[in-house]
Amino acid sequence: MNGNEIRQRFIEYFTQRGHTLVESSPLVPHEDPTLLFTNAGMVQFKKVFTGEEKRDYSRAVTCQRCVRAGGKHNDLDNVGYTARHHTFFEMLGNFSFGDYFKEEAIRMAWDFLTKEIGLSPAKLWVSVYEDDDEAYAIWEKIEDLPPGRIVRLGEKDNFWAMGDTGPCGPCSEIHIDQGEAVACPEENCGVDCDCDRFLEIWNLVFMQYERDEQGNLTPLPKPSIDTGMGLERIAAVAQGKINNYDSDLFQPIIQRTCQLAGISYGANLRADTALRVIADHARATTFLVADGVLPSNEGRGYVLRRIMRRAVRFGRSLGLTEPFLGEVCSAVADGMGSAWGHLGESRELLGKVVRHEEERFLETLDHGLGMLASEIERLQGEGIKTIAGDFIFKLYDTYGFPVDIAKDVAQEEGLQADEEGFGAAMARQREQSRRSWKGGGLGELGPGFKELLERGVKSRFVGYETRRHHGTLV
Ligand code: ATP
Ligand code: MG
Ligand code: MG
Ligand code: MG
């Protein structure tokens, strides 16, 4: 079953059971400044769960586009290193707003996985919150769940809260044991292990309490259900792959990069990591630009810039010295355009944005990578295992060389990057520039001049940004 078919099956399964199909909301959440990006299916329903907003349905099904690359959920550093994390992914979810509760949610999820997708019950495990006897008892009644497969876990993994106050409740997660083929370094590897062997497929959240400022839990009169399952994970599992990137959702993108670089996937571990990171980041780039995010130096745009630059750097490690990311993003839009119609509208903009960002960055990158390589060589010669924070800061400050990339390169060479030292160097420089402004020559020039200068600096900056976004690009 390919990814498109699974998405379709999920939607049909739940619409046949009385759920209304609701469109995915955009990646930039409306009216929610606390959130960088939409990171779960429930985000667009927050107010429905709290009761502030009413809808004309009490059951919903969605396929929500999500990004977890900043804020509370940040999987950026996992990408390429685990088999299951992406920055951009699709979350399939069914929701009950005061309608059905645990029993039906559990039965439907189990039935979907074992009957519709055909997963073998022999490989499945479930977790419940330590105090949730109700969920435990429901799982015990599931005939084909082998005995001994229900595990009680604590708050960190199995209790969900919308915020410090508000709706919250226990969760139950469904995991698949992918077997010993997925090597785990932990001795007591099990369902609560953070490795890829016991892969978390689906999270069922039982919203049954309201938490007040003192932390007291009051039962909600009409408890609700919020679930989330990563399409990329279930697709890989359904296709017998233990790495998400080996499923049909990623392979065409990876193959396009292979073609551009003249290499094959599966021939070299390091190159495979690069190919996966590029595929992930190209998807994130394509979807973020389509939702109106443009690379910039702050906020959402900065996250996008980091993602794009990281992709370009990994491309460079595959020998791609000319702009290539635009081509890979085109492959994303080609492959996903039928499921995500809105990608078509932004294709032209996407091409321009990506090319421009990549050209600008390639100059910086060459220079920085060269300096980093000779520093690493020097350190290795002296048997030193850490790249100094000051050095990374100099690269960043003088050449705009991203810290993430310095970290990736260090890791590949078996070195550490001194992030703390980097932070200290950054703080020192901030302090210095603050002091020189206050005590330096400018103070003596009088407020008028200072203001002029400030304005000049600002307008120069704005002019530069404007030229970039509206002159060259659009
Ligand atoms: P994990 O423990 O593997 O990081 P999670 O507990 O953070 O996952 P949830 O917040 O419960 O994930 O999200 C619901 C579902 O969304 C998960 O069960 C998983 O299938 C999927 N998912 C979560 N994060 C990612 C990601 N970064 N990439 C792909 N799928 C994801
Ligand atoms: Mg996670
Ligand atoms: Mg988890
Ligand atoms: Mg989870």
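Preceding this paragraph is the structure being described.
Report follows, based on the coordinates. Per chain, the residues get numbers from 1 upward, laid out in the order the sequence is written. Ligands are numbered from 1 and chains lettered from A, in the order in which they are written. pLDDT decides what is reported in this predicted model: residues at 70 or higher carry local features, side-chain atom pairs at 80 or more are listed and counted, and totals for whole chains, interfaces and linings draw on all residues regardless.

1. Notes on the site of ligand 1
As used in this record, a residue near a molecule or strand is one whose C-beta atom, placed from the backbone, is within 6 Å of it. Near ligand 1 there are 16 residues, and of these Asp75, Phe89, Asn203, Gly228 and Gly230 occur at the shortest range. Numbering goes from the N terminus for both helices and strands, where a helix is a DSSP run of H or I of at least four residues and a strand is a run of E of at least two. Within the residue set of the shell around ligand 1, elements represented by two or more residues are strand S5 (88–96), strand S10 (198–211), strand S11 (217–230) and helix H6 (231–238). With four residues, S10 is the largest single contributor of residues to the shell around ligand 1. Residues are grouped as follows: Ala, Val, Leu, Ile, Met, Phe, Trp, Tyr, Cys and Pro are nonpolar; Asp, Glu, Lys and Arg are charged; every other residue, Gly included, is polar. Tallied by class, the residues present in the shell around ligand 1 amount to five nonpolar, five polar and six charged.

2. Let's talk about the packing of helix H9 (residues 299–317) against helix H11 (residues 347–381)
Here an axis means a line fitted to C-alpha atoms, over the contact stretch when the element is a helix, while the angle between two N-to-C directions is reported on a 0 to 180 degree scale. Orientation of H9 relative to H11, taken along the N-to-C sense of each, is 60°, at an axis distance of 10 Å. By the angle between their directions, the pair H9 and H11 is classed as oblique. Along this stretch, H9 crosses H11, giving a crossing that reads as right-handed. Across the interface between the two elements, Arg305, Met308, Arg309, Val312, Arg313 and Arg316 from H9 touch Val354, Glu357, Glu358, Phe361, Leu362, Leu365 and Leu369 from H11. Here the contact of H9 with H11 is composed, by residue class, of seven nonpolar, no polar and six charged. Put simply, angles under 35 degrees are roughly parallel, angles over 145 are roughly antiparallel, angles from 65 to 115 are roughly perpendicular, and the rest are oblique. Working rule for handedness: look at the near helix, and if it is turned counterclockwise from the far one by less than a right angle, call the crossing left-handed; if clockwise, right-handed. Once C-beta atoms are placed from the backbone, any two residues with those atoms within 7 Å are in contact.

3. Looking at helix H10 (residues 325–336)
The end-to-end C-alpha distance of H10 is 16 Å, a good match for the 16 Å that twelve residues give at a rise of 1.5 Å each. Buried-residue contacts for H10 involve helix H7 (251–261), helix H8 (269–290), H9 and H11. In a helix, the anticipated span is given by 1.5 Å times the number of residues less one.

4. Considerations on the environment of Asp99
Positionally, Asp99 belongs in the loop between S5 and helix H3 (102–116). Assessed through the 17 C-beta atoms surrounding it within 10 Å, Asp99 is described here as partly exposed. Linking Asp99 and Arg378, residues 279 residues apart in sequence, is a C-alpha distance of 65 Å. Beyond its immediate chain neighbours, meaning those up to four positions away, Asp99 contacts Ser58 and Arg59. Buried means a residue has 20 or more other C-beta atoms within 10 Å of its own C-beta, exposed means 12 or fewer, and partly exposed covers the counts in between; C-beta atoms are placed from the backbone.

5. Section: the pairing of S10
Counting buried positions along S10 gives ten out of 14 residues, so the element sits mostly inside the fold. We call two strands paired when DSSP finds no fewer than two bridges between them. Across ten bridges, strand S9 (residues 166–177) lies against S10 in antiparallel orientation. Considered in S10, the bridge of Ser172 is made with Leu204. In the sheet, S10 pairs with S11 via nine bridges, with the strands oriented antiparallel.

6. Examining the packing of H9 against helix H13 (residues 403–412)
Where H9 contacts H13, the two axes come as close as 9 Å, and the packing angle between them is 35°. Two packed elements cross with a definite hand, and for H9 against H13 that hand is right-handed. In this structure, H9 contributes Arg306, Arg309, Arg310 and Arg313 to the contact, and H13 contributes Asp404, Ile405 and Asp408. Split by residue class, the contact of H9 with H13 holds one nonpolar, no polar and six charged.

7. Thoughts on the pairing of S5
The buried count for S5 comes to nine of nine residues, which makes it a mostly enclosed element. Along S5, one buried face is formed by Phe88, Glu90, Leu92, Asn94 and Ser96 and the opposite face, lined by Phe89, Met91, Gly93 and Phe95, is buried too. Where strand S2 (residues 59–67) lies against S5, nine bridges are found, and the strand directions are antiparallel. Bridge pairing in S5 places Ala60 opposite Phe95. Of the pairings in the sheet, the one linking S5 to S11 comprises four bridges and is antiparallel in character. Counted as the bridge partner of Ser96 is Ile225 from S11.

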